[in-house]
Amino acid sequence: AATDVEDAIEYRQGVFNTIKWNFGPMAAMVKGKIDFDAAEFSRRADVVAVLAKLPREGFIEGSDVGETDARPEIWENKDDFDAGMDALAKNAAALADAAKSGDMDVIKPVFGELGKTCKGCHDDFRVED
Ligand code: ASC
């Protein structure tokens, strides 16, 4: 039903927005725009590691409609999209592990990989403004 599609779109957008909410302060710490708080960083990295596993199920058949930045390539190249989702979950888990070190030198490259994973899928599968 149309409602299922709308719910799926709202679901995945909510998850991505919540990832972004938590990713932002980590990015600011990595860039030195705000002070590094190891405990806060680790807490947010743990949150993102869980969230990273969630959006995939929101990309149900027929949900490439309406007010969404999801490109049809998601459903046309589902294997590639799923590989990107796997990479997201894997790299977010790696960041949560790295964050436990409390050491920005350890965190930084792992965070960079996660950021590249975000951008890679956005380039291929998302309508960017
Ligand atoms: C963000 C954000 C993204 C990623 C990406 C990282 O803060 O909104 O989509 O980081 O730009 O390369």
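Residues numbered from 1 in each chain as written. Predicted model: local features only at pLDDT ≥ 70, side-chain atom pairs only at ≥ 80, totals over all residues. Heavy atoms only, no water.

Participant: Looking at this model, I keep getting lost on the site of the ligand. Mind explaining?
Facilitator: Taken together, Lys 20, Phe 23, Gly 115, Lys 119 and His 122 are the residues near the ligand. At 3.1 Å from an oxygen atom of the ligand is found a main-chain nitrogen or oxygen belonging to Gly 115. At 3.3 Å from an oxygen atom of the ligand is found a side-chain nitrogen or oxygen belonging to His 122. Protein contact buries 61% of the 310 Å² of open area that the ligand shows by itself. In this structure the site holding the ligand corresponds to the largest pocket. Secondary-structure elements contributing two or more residues to the shell around the ligand are α1 (2-30) and α5 (104-125). In terms of residue count, α5 provides more of the shell around the ligand than any other element does, three residues in total. Across the shell around the ligand, the residue classes break down as one nonpolar, two polar and two charged. (Near = heavy atom within 4 Å. Polar contact = N/O pair within 3.5 Å; in protein donor to acceptor, adjacent residues only side chain to side chain. Areas by Shrake-Rupley, 256 points an atom, 1.4 Å probe, with all protein chains shown as cover. 1 Å grid on protein atoms, 1.4 Å probe; cavity = no way out; pocket = protein on both sides within 12 Å on 5 of 7 lines; lining within 4 Å. Sits in = over half its atoms within 2 Å of the grid points. Helix = DSSP H or I, 4+ residues; strand = E, 2+ residues; numbered from the N terminus. Nonpolar A, V, L, I, M, F, W, Y, C, P; charged D, E, K, R; others polar.)

Participant: Would you mind showing me how to read the packing of α1 against α5 here?
Facilitator: To describe two helices that pack against each other, one gives the angle between their axes and the distance between the axes. Direction vectors running N to C along α1 and α5 enclose 130°, while the axes themselves pass 10 Å from each other. The angle between α1 and α5 places the two elements in the oblique class. As α1 runs across α5, the sense of the crossing is left-handed. Residue-level contacts link Phe 23, Met 26, Ala 27, Met 29 and Val 30 of α1 to Met 104, Lys 108, Phe 111, Leu 114, Gly 115 and Cys 118 of α5. Of the residues in the contact of α1 with α5, the class split is nine nonpolar, one polar and one charged. (Axes fitted to C-alpha atoms, helices over the stretch in contact; angles between N-to-C directions. Parallel < 35°, antiparallel > 145°, perpendicular 65-115°, else oblique. Left-handed = near helix turned anticlockwise from the far one by under 90°. Contact = heavy atoms within 4.5 Å.)

Participant: Whenever I open this one, the nonpolar core confuses me. Can you help?
Facilitator: Soluble, globular proteins show a tendency: their nonpolar side chains are buried together. By size, the foremost hydrophobic cluster in this structure holds 30 residues, and its most contacted members are Met 26, Phe 41, Ala 45, Phe 59, Ile 74, Leu 95 and Phe 111. Elements that contribute at least two residues to this core include exactly α1, α2 (38-51), α3 (73-76), α4 (78-99) and α5. Contact partners of Phe 41, with chain neighbours within four places excluded, come to Met 26, Met 29, Val 30, Phe 36, Leu 95, Ala 99, Ile 107 and Phe 111. (Core = buried A, V, L, I, M, F, W, Y, C linked by side-chain atoms within 4.5 Å. Buried < 20%, exposed > 50% of the residue type's maximum accessible area, 1.4 Å probe, protein only.)

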